[in-house]
Each structure stands twice: as C-alpha cells, then as structure tokens.
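Chains, contacts and geometry: an overview
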Number of protein chains: 2
Amino acid sequence: MTRYRELAPPPRTIMTPGPVEADPRVLRAMSYPMLGQFDPAFTALMNETMEMLRALFATANGWAYPVDGTSRSGLEAALAALIEPGERVLVPIFGRFGHLLHEIALRYGAEVSVIEQEWGRVFDPQQVIEAIDRVRPAVVALVHGETSTGQLQPLREIGAACRSRGVLLVVDAVATIGGVPVETDAWQLDAVVGGTQKCLSVPPGMAPLTYNDAAERKLLARRRIERGLRTPEGGEAQAARQIADAQAGMLPRERHIRSNYLDLSQLQDYWSPARLNHHTEMTSMLYGLREGVRLALEEGLAARHARHLLHGGALAAGLEAMGLQLYGERVSRLPVVACVRIPDGIDGEAVRALLLEQFGIEIASSFGPLKGMIWRIGTMGYSCSRRNVLLTLGALEAALLRHGLRLPAGEAVQTALQYYTRSEGI
Amino acid sequence: MTRYRELAPPPRTIMTPGPVEADPRVLRAMSYPMLGQFDPAFTALMNETMEMLRALFATANGWAYPVDGTSRSGLEAALAALIEPGERVLVPIFGRFGHLLHEIALRYGAEVSVIEQEWGRVFDPQQVIEAIDRVRPAVVALVHGETSTGQLQPLREIGAACRSRGVLLVVDAVATIGGVPVETDAWQLDAVVGGTQKCLSVPPGMAPLTYNDAAERKLLARRRIERGLRTPEGGEAQAARQIADAQAGMLPRERHIRSNYLDLSQLQDYWSPARLNHHTEMTSMLYGLREGVRLALEEGLAARHARHLLHGGALAAGLEAMGLQLYGERVSRLPVVACVRIPDGIDGEAVRALLLEQFGIEIASSFGPLKGMIWRIGTMGYSCSRRNVLLTLGALEAALLRHGLRLPAGEAVQTALQYYTRSEGI
C-alpha cells in the first residue's frame, strides 16, 4: 500500500474570482473541535449565524441561512423550491452563470424563456422589464455579478418591476455578497443566494441564502414531510405535521419539491426552533461561515465595499498603465474581477503557469467564447489587499516581459502606488 | 449592531452516532491555506483522495470520490443517477434511514416497493431475495449500518443475488465506512455511499461514494452536458461533448438526471482528467477528508475495525454490568452504536442534559417509535477510545444515581477495565 504524505499545500497568492485566500481567523475557527448538531452550544451558533446573515443581506427576512453545499447548491435549492414544473421562468443571460440558471430551471421542469445580452455588457433594466411583460413568467432568475465577464447588473428597477407584477425575482449574488452592495429589501429581491469562497473569504462549502414571505408561501405550499419523521409525537409539532401531511396527501406528486437534500421547506424546519431532523449541519463550515460573516460585519459593510472598490481600482489602473486593455463595458464593471485582454501573440496559459510556478500567484482563465481571449484577475475578500495588488502587477509585468511583450516596464506598480496615494488624499 | 463574540466551543466528549469528535490532525489539515480548484497542487490532492477512497471502500472501481454535501447528498446523488422515473425500486426498511432511502427514491419518480422488518432486527437475506424475485426491481436500496436501531445488515448474499439478476444494489454505508468492514467488490455492491462524520472522524460536509461500471453505464446514458459548457473548443473534449449533446438531444427531458448539483455524470467529469467545470470543490473539507482517510489507512482497516469492536464491546459490557438492557437482536448488533433501554421511571432527556451540562459528555436520543425508549451511545472514529468509554460509563452511572436509579455502583467501569485486560490477554 502506498504511503501518502502529510498535507503541505504550497503558499499561494490567489487572485482569481474564487476560491480566494481564506482569512486566517476563519481557518482558525474551522480548526476548533466538534459540537453535536443538537448541542445547545451549537444551535446557538446557528441562530447567531442567521442573525448575522440578515445583516449581510441587508434584509429583515425571517429566513437567512446556509445551504450545505457549494454556491450552486444554493442556486439549485432556491430554484427547485420556487419553480413548479410547467411554470414559465425568464432568465436574462449576460455570461456563463446565466446559462447555469437556465440549466437548473430546465432540470426542474420550467418552461424557460431566455433573453441574451452580448458578453461584456449588462442589460438595460427596461429590456428585462419588456421581456417580463412579454413572457409573463412566474419567476425571473438573474445573475448580479457575472464573474465570467466581469459585469455587474443593476437590480433596483428590475426588482420594483417584478414586485409590482407579482413575479418572484431570484438573484445569484454569489460573486457580490460581502464585496459589492447587495440590498435585498431595498431592491425588492425575493430570494438571494450568496457564496462563501469569494468576497467573504470563507472556504467553499456553503451557500448562504435569504428569501422573503412571498417565496416562503410558495415553497410551503409544496412542502412534504419526510417519511420516517411522520410518527406522531404529540404537541404542536404533531399538529403542524398533520396539517402538512394532509396537504402533502392532496398534492399531486409532481408538485412536491423534487430534491430532498436541497429542499428549502425541510431546511427551514431544521433551522427553525423545531429543529426537525434533516442533514447533519456542517460543523466546521458553520464555524467558518460564522467567523467570516462576523469579520465582515466588524469591518462594516460600507467600509468593506469601499475596500473592494479601492483595490479593484488600483489593479485596473496598474493593468492599463502596463498597456493592457480591460474587457467589457466600463460603466457596469464588477469591481471585484478585472477581465484583461490577453495581448496578441501571448500564450495566456503559459503566462498563467509561469505566474503560478515561479511567483506562487494564481490568476484565472475564462469560459466559452472568452477562452484564450481574456484573463480574469480577482480582488476578493482577504485576497483584496494592497500587498496582493502590487505583487500581482509586478509579477504579471515580469511574466509578460519574459514572454517577449514590449511594455513600459515599471509603470504598472508605480501607477498603482500613485493611485493609493491619491485615494488616501481624498 | 450587536457585537458577536469570537468562537469558543465548549470542550465535549461526543458519544453519539455522529458527528463525533474529529481527529485533531484532520482539524489541523483543514486549517491550511487555500489552493485554487484547478491548481495542479490541488488536483493532485483530489487524485490522491480518489486512490485512497478506493482502498477504503475495498474496490477496484474507477470512480471513488466525495459528493460535496453531507451524507444524504451522496445518497441522493446515487439514487438520482441510478433511478429513472417510473422504474421499480425495492427498499427493505429496518429503521429510520431506510425510510430516508424510500423518501428519496419516491422524489426521483421511482415506483417504490417496501418490505419492513420489525425495528431492532435485520433481514434474513432470503427475505430480501424473495422480495426481489417478487418485485423485480431495477434497483435495490439498502442501509448497511442502521444507527437508529443499532443493527448491521449482512450484505454478501443480497449482493450476489442482485448481481445474478442484473439488479443494481445501492448501499448506505454512512455509519459503517471506516469502522466496520465494507467490502464493495467482494460483496458485489454496485454503489456505496459513506459518511465523513462518523467512523472516519472528519467533520460533516462530504459524502464519499464509489460505483462500478454497471452503475456508470446507467448514469452515462442519462448524461446531459450543462448549458454554458457546450461551446466548441476542439480536440477530444469537443468530440466527447458532441456525442453527449447528440444523446442529450435525443433523450426525452424526463430521462435526464434531474439535479444539476448532485448529478454524478457531471461530478465524474469534474473528477476526471477533463476537469469539466462544475461546482468549486470544497477546499478545506477535501483537505480534511484526505487526512481522515490517510489516517484510517495508516492505522490499517483491519486494525481499525478491531478497535471499533473492542471499545464497542467494552461499552456494552459496562452498560450491562450497570444493570441496563441493550436494545435489539444481539447477533446483528452494529458494534459502533450501543442502543440502551432507558430504565423505567427515568427521564431520558433529563439524564442526557445532565451528562452534557455537568460532564461535557453527549449521548444521543432516538427517532420515531424508539423516542423516549432508548439512548444511543456511539463509539466511532476518534471518539472510539478507552478513555471515552471509561469516562462515559462513570458519568452515566453518576447521572443515573443522581436521578434515583438503584444500581450496583462502581460495577460498570470495573467491568469495562476487566474487559480490556481480558482482551489484551488474548
């Protein structure tokens, strides 16, 4: 039998759109010993996490908790709960992750209508509103920050339009939560799904989400109590379950929420004071999420958003000073991912490999039509720092020089330093 | 805004059927810094983990990898992939987790037939084989170690019967993997799902599984390449995808695997050398799983199984010496969970609370018909130690005395000590 070595990951500066470097305080929290899932010391942590997530999502919603899986598990849980088979769903697509929403909605039996925007731009809200009036969907599913193209979709007008028409709006805020304002209540978003491994700087493994009363009403109407948990036990729980059972009995099978693991009606019972047994909450990930959100709130959301703007701005200024071109519409740029055109004649993957192998710095490639055309450089969470921006600019310049590109050597880092000095002057 | 305190979980001795205490070396591994998901240093860890999981599951199967969710996510992924809507599925139920398999199979559109065994016993394999011949299912889904009743179902004859009839056998080995022999190949099991938070002593958050060629053929026939990943890129990947796309185009929608997050055909592409983008692998959990499995293999599976037998035996002997009755059939007892009848006149929950609050020791209550009737005391993974068994017996005795039970004080711990001495003599 082979003997495997002890774990020893090489040190990395991670400047991708995720997973990014985790805050060491989050990693420390994750190394604490276990608690049982129904230990009052643990359920208190769950309740605190719900409170903190409400603040993070800027909402007074009753429900704000993590789904126990990576980001797309939260997207799937929201869509599985809020789309009934045969319902019309509108998915406006302006990058790779819009296609994912389309895919998931199709798998849950939706009649999906799509509108597509050229990659590198976002929708004028009026385009989306016109499509809503044409398609008359039950649900609109939309990406907020599209990391494949580095674009940020404004949501306020779309939220108001959905609300006034009784359409549920489900938002993928995986890339934006904790780095860019996400105003669940002010923008009238019905369900919002975040990610841990991007601007929150918690390792991948959970998908915090929130949803409002309208969304809850819809998912409760499709509730189904799990077999093996239906045994009468007396008290309020029993009464509630009998009602639910009766409803379940009347529901045709295809109206039920399909997934058991990703069933929000079961998850909310588990996160409620009833603590109805479902999965075993991910102990260490919950420790990490609680610590990550705690640190975000301690920094202050406004300060945190300003930090992401600052370092994203310094990086962009440095890249342009190097003579590189940023990709996509300037006004709608997502401040936490810079998309950079790979210069003609440069092998993008060879440059990435040189950065990783020689400098221990990781930047990202891209998807689909942009593959080989742009790099994506993230400034997210704990990775979003002056040190990382300066080191990355210097290393990228060196890698491009090494690959024979003619560029104004030294300019990038000087420009970023100047950017910081100027920003401090304000 | 409330200020939340730094995390400080109280120390616990966790003697439940999971989550149990994590090995501190696993927690240390989980506190290492992040690596990007496509960083060669990380994909090497993924590949090593697959190799180690093959050894853990005692299989030569090509596929052995974790699903990124808690145990039931792996069960759902296996059933979602291997059950086509309308297919007949047989679920033999001898406890709470059999009902879960029934529930999941129903949600994925199976025509489920159930046979039930009285709780506290397992099936005679002939009963299951007769039901297979009566029902003629496409899939049999069966629990190996039922933690709700502390019973262990023998699988060898059922495996042989399924294989000879062309029926796929899916096994829930969540409670047994790493603590009790699980012989995937020797017992002819087609798909086996394990858990991390029980005998492996890794925090909850992943569901390692394995499946063979027959299972893979079935799930590949239902494969669907995700939207947004279908852009031609040339080379072999393109050819493979075009074939899959053509197949997907011909498949009626309801034949596709329903879940996207839990789609094994996509997960295996992500775990294959193609590394087709799906979710973002849970970095810290993968570190933890790799370390947990590495430690299990280093201890040696036979030695590890013997350790679980030894401490389970000592605990049972101590409990009986205290005058307590064990629940369920003796010959089929699962060695890693002792089910103990709560003595007449004793409030089981009050005793559990006293143990937790005064001694920092957690034991478990139970489900459904056994609620209030038995306690469940686990001896799993890192929690399965002489120290924990002796401390638990002493504390439980004290708690019962405190609650007014008449019992032979001192006997339990003395009997366990003697049990250890005798076992060492052999």
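Residues numbered from 1 in each chain as written. Chains lettered and ligands numbered in written order. Predicted model: local features only at pLDDT ≥ 70, side-chain atom pairs only at ≥ 80, totals over all residues. Heavy atoms only, no water.

- The name given to chain A in an unreviewed UniProt entry is Alanine--glyoxylate aminotransferase family protein, and the organism recorded there is Paenibacillus sabuli.
- Its UniProt record gives chain A a comment under Sequence similarities (unreviewed entry), which states: "Belongs to the class-V pyridoxal-phosphate-dependent aminotransferase family." (UniProt positions renumbered as here; feature names shortened; annotations may be inferred.)

1. Notes on the overall build of chain A
- Each helix and strand in chain A was counted, giving 14 helices and 13 strands.
- Projected onto its principal axes, the C-alpha coordinates of chain A cover approximately 75 × 55 × 55 Å.
- Look at the contacts in chain A between residues 6 or more apart in sequence, and 73% of them connect residues 24 or more apart.
- Between the averaged position of the 44 positive side-chain charges in chain A and that of its 46 negative side-chain charges there is a distance of 2 Å. (Helix = DSSP H or I, 4+ residues; strand = E, 2+ residues; numbered from the N terminus. Contact = heavy atoms within 4.5 Å. Lys, Arg positive; Asp, Glu negative; His and termini not counted. Charge placed at Lys NZ, Arg CZ, Asp CG, Glu CD.)

2. Focus on the pairing of strand S11 (residues 337–341) of chain A
Residue and element names in this part refer to chain A.
- Counting buried residues along S11, four of its five residues qualify, which places the element largely inside the surrounding structure.
- In terms of strand pairing, S11 meets strand S13 (residues 374–378) through five bridges, oriented antiparallel. Looking at the pairing, valine 337 lines up with glycine 378 of S13. (Buried < 20%, exposed > 50% of the residue type's maximum accessible area, 1.4 Å probe, protein only. Pairing = 2+ DSSP bridges.)

3. Thoughts on the sheet that holds strand S9 (residues 191–193) of chain B
All names here are of chain B.
- Pairing in this open sheet of seven strands is mixed, and the strands run S2-S10-S9-S8-S5-S3-S4 from one edge to the other. In this open sheet, the two strands that pair with only one neighbour each are strand S2 (63–67) and strand S4 (111–116). The mean angle between the axes of side-by-side strands here comes to 20°, regardless of whether they run parallel or antiparallel.
- The sheet contact formed by strand S5 (residues 139–143) and strand S8 (residues 168–172) spans five bridges and is parallel. Within S8, the residue paired with valine 143 across the bridge is aspartate 172. (Axes fitted to C-alpha atoms, helices over the stretch in contact; angles between N-to-C directions.)

4. What to know about the environment of glycine 288 of chain B
Residue and element names in this part refer to chain B.
- For glycine 288, the position within the fold is in helix H10 (residues 283–299).
- Residue classification places glycine 288 among the buried residues on the basis of a relative accessible area of 0%.
- Separated by 113 residues in the primary sequence, glycine 288 and alanine 175 have C-alpha atoms spaced 18 Å apart.
- If near-sequence neighbours (up to four positions away) are discounted, glycine 288 is found in contact with Val26, Met30 and Val202.

5. What about unusual backbone geometry?
Residue and element names in this part refer to chain A.
- Cis peptide bonds are those with omega within 30 degrees of zero, and the linkage from glycine 18 to proline 19 qualifies with 0°.
- Summarising the element assignment, proline 19 is placed in the loop between strand S1 (13–14) and helix H1 (24–30).
- Positive phi outside glycine occurs at glutamine 188, with the angle close to 60°.
- Inspection of the secondary structure assignment puts glutamine 188 in the loop between strand S8 (168–172) and strand S9 (191–193).
- Overall, the relative accessible area of 25% leaves glutamine 188 in the partly exposed class.

6. With respect to the UniProt feature "modified residue: N6-(pyridoxal phosphate)lysine" (unreviewed entry) in chain A
Residues and elements named next belong to chain A.
- Those residues carrying the UniProt feature "modified residue: N6-(pyridoxal phosphate)lysine" (unreviewed entry) are Lys198 in this numbering.
- Residues within four places of lysine 198 in sequence aside, it is in contact with Pro17, Gly18, Val20, Thr147, Val174, Ala175, Met380 and Gly381.
- A distance of 2.5 Å separates the side chain of lysine 198 from the backbone oxygen of proline 17, its partner in a polar contact. (Polar contact = N/O pair within 3.5 Å; in protein donor to acceptor, adjacent residues only side chain to side chain.)

7. A word on the packing of helix H11 (residues 301–321) of chain B against helix H13 (residues 386–402) of chain B
Residue and element names in this part refer to chain B.
- Following both chains from N to C, one finds H11 and H13 inclined at 15°, their axes separated by 10 Å at the closest point. As far as their axial angle goes, H13 and H11 are roughly parallel. Considering only the axes of H11 and H13, their crossing is right-handed. Contact residues: H11 offers His311, Ala314, Leu315, Gly318 and Leu319, while H13 offers Arg386, Val389, Leu393 and Leu396.
- By residue class, the composition of the contact of H11 with H13 is six nonpolar, two polar and one charged. (Parallel < 35°, antiparallel > 145°, perpendicular 65-115°, else oblique. Left-handed = near helix turned anticlockwise from the far one by under 90°. Nonpolar A, V, L, I, M, F, W, Y, C, P; charged D, E, K, R; others polar.)

8. As for the packing of aromatic side chains
- Taken as a whole and judged by the stated rule, the model has 16 aromatic pairs over all chains.
- When the centroid spacing of 6.4 Å and the interplanar angle of 70° are considered together, the rings of phenylalanine 38 of chain A and tyrosine 270 of chain A count as edge-to-face. Of this pair, phenylalanine 38 of chain A sits in the loop between H1 and helix H2 (40–56) while tyrosine 270 of chain A sits in helix H9 (residues 264–271), placing them 232 residues apart in sequence.
- Plain terms: the ring middles of tyrosine 65 of chain A and tyrosine 211 of chain A are 6.1 Å apart, the flat faces sit at 85° to each other, and that makes the pair edge-to-face. Here tyrosine 65 of chain A, found in strand S2 (residues 63–67), pairs with tyrosine 211 of chain A, found in strand S10 (residues 207–211); they are 146 residues apart in sequence, far enough to count as distant. Summarising the burial analysis for this pair, tyrosine 65 of chain A and tyrosine 211 of chain A share the class buried.
- Three or more aromatic residues link up through ring pairs in this structure, and these residues are Trp63, Tyr65, Tyr211 and Trp271 of chain A.
- Here the guanidinium or amino end of arginine 386 of chain A rests over the ring plane of tyrosine 420 of chain A, the centre of that ring lying 4.3 Å away.
- Above the ring of phenylalanine 367 of chain B, the side-chain terminus of arginine 96 of chain B is found at 5.2 Å from the ring centroid. (Phe/Tyr/Trp six-rings, centres within 6.5 Å; stacked < 30°, edge-to-face > 60°. Lys NZ or Arg CZ within 6 Å of the ring centre and 35° of its normal.)

9. So, the relation of the copies chain B and chain A
- Superposing chain B onto chain A requires a rotation of 180° together with a translation of 0.0 Å along the rotation axis, leaving an RMSD of 0.0 Å. The operation mapping one copy onto its partner corresponds to a two-fold rotation axis. For chain B, the smallest separation between a C-alpha atom and the rotation axis is recorded for glycine 69 of chain B, amounting to 2.5 Å.
- An overlap of 100% is found between the interface residues of chain B and their copies at the interface of chain A, pointing to a shared contact surface. (Least-squares fit on C-alpha atoms with pLDDT ≥ 70 in both.)

10. Points about the pattern of salt bridges
- All told, the structure shown has 46 salt bridges over all chains when counted by the stated rule.
- Among the ionic pairs, aspartate 23 of chain B bridges to arginine 25 of chain B, the shortest N-O distance being 3.2 Å.
- Accessibility expressed as a relative area gives 9% for aspartate 23 of chain B, which makes it buried.
- The class for arginine 25 of chain B is partly exposed, based on a relative accessible area of 38%.
- Ionic pairing is found between arginine 294 of chain B and glutamate 298 of chain B, a salt bridge with its closest N-O pair at 3.4 Å. Of the two residues, arginine 294 of chain B and glutamate 298 of chain B both sit in helix H10, four residues apart, roughly one turn of that helix.
- On the basis of relative accessible area, glutamate 298 of chain B is assigned to the partly exposed category, the value being 41%.
- Where salt bridges share partners, they join Arg3 of chain A together with Glu291, Arg294 and Glu298 of chain B into one cluster. (Salt bridge = Lys/Arg side-chain N within 4 Å of Asp/Glu carboxyl O.)

11. So, the nonpolar core
- Tyr65, Tyr211 and Leu264 of chain A together with Tyr65, Tyr211 and Leu264 of chain B are the most contacted members of the largest nonpolar core, which has 182 residues in total.
- Apart from residues lying up to four places away in sequence, leucine 264 of chain A is in contact with Tyr65, Val67, Ala77, Ala78, Ala81, Leu209, Tyr211 and Leu219 of chain A. (Core = buried A, V, L, I, M, F, W, Y, C linked by side-chain atoms within 4.5 Å.)

12. Re the interface of chain B and chain A
- Between chain B and chain A, the contact holds 94 residues from the first and 94 residues from the second.
- Overall, the association of chain B and chain A removes approximately 8000 Å² of surface from exposure, summing both partners, and the carbon and sulfur fraction of that is 57%.
- Its largest share of buried area at the contact with chain A, chain B owes to Tyr4, Leu7 and Arg107 of chain B, together 12% of the area lost on that side.
- Viewed at the interface, chain A and chain B are joined by 14 salt bridges.
- Between aspartate 263 of chain A and arginine 107 of chain B there is a salt bridge whose closest N-O contact spans 2.7 Å.
- On the surface where chain B and chain A come into contact, there are 43 residue pairs in polar contact (both at pLDDT 80 or more).
- Where the side of chain B that touches chain A is concerned, the elements lending two or more residues are helix H1 (24–30), helix H2 (40–56), helix H3 (71–82), helix H4 (96–107) and H10 of chain B.
- Among the elements that make up the side of chain B that touches chain A, the one with the highest residue count is H10 of chain B (nine residues). (Buried area = accessible area lost by both parts, 1.4 Å probe.)

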